[in-house]
Amino acid sequence: MVGIDPPIIEIRKLSLRFGGLQVLHEIGLDVRAREILAVIGPNGAGKTSLFNCINGFYHPYEGEILYKGKDITQLKPHRIAEMGIARTFQNIELFSGLTALENLMAARHILMRRGALMGSLFFGPARNEEISHREEVEEVIDLLEMESIRKKVVASLPYGQRKRVDLARALCMEPSALLLDEPMAGMNVEEKEDMARFILDIYELKKIPIVLVEHDMDVVMDICSRVAVLDFGRKIAEGRPSEIRSDKRVIRAYLGED
Amino acid sequence: MALETLPQALRENFHILGSKSIAMRVKDRGIWREYTWEDYFLKVKWLCLGLKSLGLEKGDKVSILGENKPEWFWAELAAQSAGGAAVGIFTDCLPSEVKYYVEHSDSTFVVAHDQEQVDKLLEIKGQLPRLKKVIYWDAKGLWSYNDPIMLQLDEVLEIGKAYEKANQGFFDKMIDSGKGHDVAVICYTSGTTGLPKGAMLTQNWLMLSVSEWARLDGWMGKDFEYLSFIPPAWITEQGIGIAGNIIAPMVVNFPEEPETVHENIREIGPAVLFFGARLWENLNRMVQAKMMDSTFLRRLFYNMALPVGLRYCDISGKRPGFLKTFLYLLAYYAVFRQLKDRLGLSNVKVVYSAGAAVSPDIIRYFKAMGIDIRLFYGSTEQGVMTMPRRGDMRPETSGPPVPWVEIKLSDEGEILVKSKYPYAGYYKNKEATEAKMVDGWYCTGDFGHKDEDGHLIVMDRMDDLKEIAGGKKFSPQYTEIRLRFSPYIKDALVVGGAQRGFVSALINIDLENVGRFAEARHIAYTTFTDLSQREEVIDLIREEIRKVNKILPDWTRIRRFVNLHKEFDADEDELTRTRKLRRTFVEDKYGGLIEALYGDGGAYRVEATVTYRDGRKGTMETAIAVNEI
């Protein structure tokens, strides 16, 4: 499969700087329509910054990002979200005072067409719209096995389950590409296994490309079709997991010079 | 024509109730979805015909492997409609266990729930030559599987529909040919020794014994709501859930997921309910924990109401006085009614528990709330054997025998049973079937006794019994479990022996609760050892033992006991890591002390070696009082 699929996100010579700090340096990377791509690298390599550029939190001073052939480099995050790139966050960004279900319904607001007035009257078309959105949300709840936490307030949930809500929130936007920032950080083995299964299920069912930043190499090697390695803002390697595992530059970046 | 089989009864319900009333309800995607009798019947019909055209023959077995869902029920009824039998398999079985059940029962089809279960079958299908198809109903995660042995349930329904068009009236003929003595279900017994045995249950068992059961406990013809939660591979769910659903009839409700039961039960408000012992304990603990986090005022009311409730339900036999009734009504309407509502137990009429012992305290707790838990005694082979009756429930017994069962005790104390509706023997195991029958009585292998009014008390497996002088048997485990129900006793070792004339106990006090007891009475103590030997504490434990003695047969009552100077400890090999007592080891270790229990009485000096966590050993010398009851 690798190499045949057209790219859906194209990153060209992307450079990002905070003051004097060069965070990303001429990154070039394609995300193909059918793949799970892992972005790995030591702490501070620029993985999350790369994500932040793709979804519009940061704007690079050089280079461009094309999404389905359109330049999205300077667009605002909400525009990019509407265009179909959804992401999860390393530090989980949810409305912690709302229930899991309310968070997921809120995620669908970009897909809602009725105005605030109709919505607050909860009448006719607005009601039907709400119901159809709830049906979609329930599909996601079923997919990620969240039935038992549906009505729990997010703040009361354990960390692993909050991560799951975060992923569900991204899915509820019906994305055509999914960025996952450390989906398994801080999880125990069982939670990791569940999460890996969910990622594969999403990939299979929704047929969308998934890009993930992850530190757990076993997970990366198991579920990803391709890996890109960053080190100090530069891409130092790219390829299949088996190639990356034996790549000298990658080993050096992780273990230091000898 | 009299209805002999469940499929015939289902068809009758379809004709009479049709699409007007609901047969089952399942929560899916957040909504309760309903199936009427018409839906239920048609699903069974198409599934049965689908299986038939895939090669199911009369007398074939269909294994079912899944959580409680309507599809489970359809599959069983479909198998029975074709003159076959259903074999329930527990969902947590390993692939090797699944293989044993499917292979031993000669199943030609397996109906499985989801990816998890299908994966098991794909792993073992090579070793199952008789297996024709694996039919699954939840396709999640199975999208990219393409093993030819797999087939989705919906596809089988379509095959069945097509088959029906070509063979009008065939299904009815098949149902008509069903007989009461047909084997309907094979339930495998967990088998503590050797391989599991498959107990064959006939249509007669499902139809007749369950009808009598439903009438006895008053859920016949009431259209009650029932929550299906215990595994259908277990005989109890076969009785209440699958047969009760059709015979009573009851509406069976399936929770969304096992984890959402507490939420779902409140939405349903079932009238009939079966929870295992563990679940009742969990409910009790949940309430206590929530009350602790509650507001001051709520806690105050709860703490005022609970003793009133407990005292009210403690007076058995006599009519409670005016004041007690008045206070109870006050407590009920102020607290218990709301509590019941919160737990989803507002509408309960009949609640069951069986299997493991439920602590009398838990039973009293729910009784105070107005919920009578019927802790009955049954087995896979004989079904329900004893059942507590309304108005005469005793927390420590399993009630008197049901009308269709006769019970007697052998000289050794084994429970022997003769039932009007017994099982049809073990599948492919005549030897084991015959070994269990003595002079027309079925030997349960359980040890028990009857109280003055004929209520049965089941104590232990015969194999686990110990002997005392004179050849009488007693069950140390039963007594130990009952002792541990006391909040002041953490662990206990009950000893006897062929040379000893009576039973004694080594008691581990519960430091936390006894400590609190001591504090409340201003009893000063320094260490665990010191506390355990205080006179007040010994009196306290003596009272607790007396309570337990009341329900024990005379010869198994505890006559002497000691409070141990230290707790049983897994670091010292006295307990396993799962906190089970290592009996032989402990009996050896405390050999001298046990001798003293049967000596002249008085105190015994122990010099115990203690192993610390870092591996060092130390010695301790203490005097332990030997106490008479």
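Because the structure is predicted, anything quoted here is derived from the model rather than measured.

Parameters and conventions
Residues numbered from 1 in each chain as written. Chains lettered and ligands numbered in written order. Predicted model: local features only at pLDDT ≥ 70, side-chain atom pairs only at ≥ 80, totals over all residues. Heavy atoms only, no water. 1 Å grid on protein atoms, 1.4 Å probe; cavity = no way out; pocket = protein on both sides within 12 Å on 5 of 7 lines; lining within 4 Å. Points joined across faces, edges and corners; volume = space filled by probe spheres on them. Helix = DSSP H or I, 4+ residues; strand = E, 2+ residues; numbered from the N terminus. Nonpolar A, V, L, I, M, F, W, Y, C, P; charged D, E, K, R; others polar. Core = buried A, V, L, I, M, F, W, Y, C linked by side-chain atoms within 4.5 Å. Buried < 20%, exposed > 50% of the residue type's maximum accessible area, 1.4 Å probe, protein only. Contact = heavy atoms within 4.5 Å. Polar contact = N/O pair within 3.5 Å; in protein donor to acceptor, adjacent residues only side chain to side chain. Salt bridge = Lys/Arg side-chain N within 4 Å of Asp/Glu carboxyl O. Patch = residues over 30% accessible without salt bridge, like charges linked within 9 Å, V, L, I, M, F, W, Y side chains within 5 Å. Areas by Shrake-Rupley, 256 points an atom, 1.4 Å probe, with all protein chains shown as cover. Lys, Arg positive; Asp, Glu negative; His and termini not counted. Charge placed at Lys NZ, Arg CZ, Asp CG, Glu CD. pLDDT = per-residue confidence, 0-100. Buried area = accessible area lost by both parts, 1.4 Å probe. Pairing = 2+ DSSP bridges. Axes fitted to C-alpha atoms, helices over the stretch in contact; angles between N-to-C directions. Expected span 1.5 Å × (residues − 1). Parallel < 35°, antiparallel > 145°, perpendicular 65-115°, else oblique. Phe/Tyr/Trp six-rings, centres within 6.5 Å; stacked < 30°, edge-to-face > 60°. Lys NZ or Arg CZ within 6 Å of the ring centre and 35° of its normal.

Gaps left between atoms show up when a probe the size of a water molecule is rolled over them. Residue and element names in this part refer to chain B. Evaluated as defined, the whole model comprises six cavities of 30 Å³ or more. If you add up the space inside the largest cavity, you get close to 70 Å³. Within the residue set of the lining of the largest cavity, elements represented by two or more residues are helix 3 (70–81) and helix 7 (170–176). By residue class, the composition of the lining of the largest cavity is four nonpolar, seven polar and one charged.

The next thing to look at is the nonpolar core. Residues and elements named next belong to chain B. Ranked by size, the top nonpolar core spans 87 residues in total, and within it Tyr40, Trp219 and Tyr352 carry the most contacts. In terms of residue count, the dominant contributor to this core is helix 2 (residues 37–53) (nine residues). Apart from residues lying up to four places away in sequence, tryptophan 219 is in contact with Val210, Trp213, Ala214, Phe224, Ile240, Gly244, Ala248, Met250, Val272, Val350 and Tyr352.

With that settled, the discussion passes to the side chain of serine 105 of chain B. Residue and element names in this part refer to chain B. By secondary structure assignment, the location of serine 105 is in the loop between helix 4 (95–104) and strand 5 (107–112). When its relative accessible area of 0% is taken as the criterion, serine 105 is described as buried. Reaching out from serine 105, the side chain makes a polar contact with the backbone oxygen of valine 102 at a distance of 3.3 Å. Apart from the residues within four sequence positions on either side, serine 105 is in contact with Lys61, Ser63, Val87, Tyr188 and Tyr427.

A few words now on the pattern of salt bridges. Inspection of the entire model under this criterion finds 60 salt bridges over all chains. The partner of arginine 25 of chain B in a salt bridge is glutamate 225 of chain B, with the nearest N and O atoms 2.8 Å apart. On the criterion of sequence distance, the pair formed by arginine 25 of chain B in strand 1 (residues 22–28) and glutamate 225 of chain B in strand 10 (residues 225–227) is long-range, its members being 200 residues apart. Across the salt bridge formed by glutamate 212 of chain B and lysine 420 of chain B, the nearest N and O atoms sit 3.2 Å from each other. One end of the pair, glutamate 212 of chain B, is in helix 8 (residues 203–216); the other, lysine 420 of chain B, is in the loop between strand 18 (414–419) and helix 15 (430–435), with 208 residues separating them in the sequence. The exposure class of lysine 420 of chain B is exposed, given its relative accessible area of 57%. Here the residues in one salt-bridge network are Glu139 and Asp142 of chain A together with Asp28, Arg29 and Arg33 of chain B, joined through shared partners.

This next bit is on a positive patch on the surface. A contiguous patch of positive charge, built from Lys152 of chain A together with Lys290, Arg298 and Arg342 of chain B, is present on the exposed surface. With respect to the helices and strands, the residue arginine 342 of chain B is situated in helix 13 (residues 322–343). Exposure remark for arginine 342 of chain B: the relative accessible area of 56% places this residue in the exposed category.

For the rest of this paragraph, the subject is a negative patch on the surface. Side chains of Glu67, Asp92, Glu97, Glu116, Asp119, Glu123 and Glu259 of chain B sit close together on the surface and give a patch of like negative charge. A per-element tally of the negative patch places helix 5 (residues 115–124) of chain B first, with three residues.

What follows concerns the confidence of the model for chain A. Looking at chain A as a whole, the pLDDT averages 88, with 97% of positions reaching at least 70. Looking across chain A, the model is least confident in helix 4 (residues 116–121) of chain A, with a mean pLDDT of 71, and most confident in strand 7 (residues 177–181) of chain A, with 95.

Take the interface of chain A and chain B next. Between chain A and chain B, the contact holds twelve residues from the first and 13 residues from the second. Overall, the association of chain A and chain B removes approximately 1,200 Å² of surface from exposure, summing both partners, and the carbon and sulfur fraction of that is 45%. At the surface where chain A touches chain B, the tally comes to four salt bridges. Measuring nitrogen to oxygen at the nearest pair gives 3.2 Å for the salt bridge that ties aspartate 142 of chain A to arginine 29 of chain B. Inspection of the chain A/chain B interface yields eight residue pairs in polar contact (both at pLDDT 80 or more). Secondary-structure elements contributing two or more residues to the side of chain A that touches chain B are helix 5 (125–143) and helix 7 (189–206) of chain A. Of the residues in the side of chain A that touches chain B, the class split is two nonpolar, one polar and nine charged.

A few words on the environment of threonine 88 of chain A. Residue and element names in this part refer to chain A. With respect to the element layout, threonine 88 can be found in the loop between strand 6 (85–87) and helix 3 (100–107). Here threonine 88 falls in the buried class, since its relative accessible area comes to 4%. Between the alpha carbons of threonine 88 and leucine 21 there is a distance of 25 Å; along the sequence they are 67 residues apart. Look past the residues within four positions of threonine 88 in its chain and what remains in contact with it is Asp166, Leu167, Arg169, Ala170, Leu179, Leu180 and Asp181.

Moving on, we get to the sheet that holds strand 6 (residues 133–136) of chain B. Residue and element names in this part refer to chain B. Strand order across the open sheet formed by seven strands is 7-6-5-3-4-8-9, with mixed pairing between neighbours. Strand pairing shows two members of the sheet lacking a second neighbour, strand 7 (150–152) and strand 9 (198–202), which therefore form its edges. When the angles between neighbouring strand axes are averaged without regard to direction, this sheet yields 25°. Across the sheet, helix 3 lies against strand 3 (61–65), strand 4 (85–89), strand 5 and strand 8 (183–188), angled at about 175° from strand 3, the strand it touches most.

Another point: helix 6 (residues 159–172) of chain A. Residues and elements named next belong to chain A. The end-to-end C-alpha separation of helix 6 is 20 Å, in line with the 20 Å expected for 14 residues at 1.5 Å each. Buried residues dominate helix 6, accounting for eleven of its 14 residues. Turning to helix 6, its buried residues number three or more, namely Gly160, Lys163, Arg164, Val165, Asp166, Leu167, Ala168, Arg169, Ala170, Leu171 and Cys172. Buried-residue contacts for helix 6 involve strand 6, helix 3, helix 5, strand 7 and helix 7.

Residues and elements named next belong to chain B. Where helix 11 (residues 277–292) meets helix 12 (residues 296–314), the closest approach of the two axes is 9 Å, and the angle between their N-to-C directions is 135°. Our classification of the angle between helix 11 and helix 12 gives oblique. In contact with Val287, Gln288, Met291 and Met292 of helix 11, helix 12 contributes Arg298, Arg299 and Tyr302. Classifying every residue of the contact of helix 11 with helix 12 by side-chain character gives four nonpolar, one polar and two charged.

Further remarks concern the packing of aromatic side chains. All names here are of chain B. Scanning the entire structure with this criterion turns up 31 aromatic pairs over all chains. Residues tyrosine 423 and tyrosine 426 carry aromatic rings whose centres are separated by 5.3 Å and whose planes lie at 70° to one another, so their mutual orientation is edge-to-face. Each member of the pair, tyrosine 423 as well as tyrosine 426, carries the same accessibility label: buried. Measuring from ring centre to ring centre gives 5.9 Å for tyrosine 423 and tyrosine 442, while their planes differ by 80°; the resulting arrangement is edge-to-face. Residue tyrosine 423 is located in the loop between strand 18 and helix 15, and its partner tyrosine 442 is located in strand 20 (residues 441–450); the two are separated by 19 residues in the primary sequence. Owing to a relative accessible area of 10%, tyrosine 423 belongs among the buried residues under this scheme. Residue tyrosine 442 is classed as buried on the basis of its relative accessible area, which comes to 2%. Among the aromatic residues, those joined into a ring-pair cluster are Trp213, Trp219, Trp234, Phe274, Tyr352 and Phe376. Between lysine 161 and the ring centre of tryptophan 46, over which it is positioned, the NZ or CZ distance is 4.6 Å. We note arginine 582 situated over the ring of phenylalanine 585; from NZ or CZ to the ring centre the distance is 5.9 Å.

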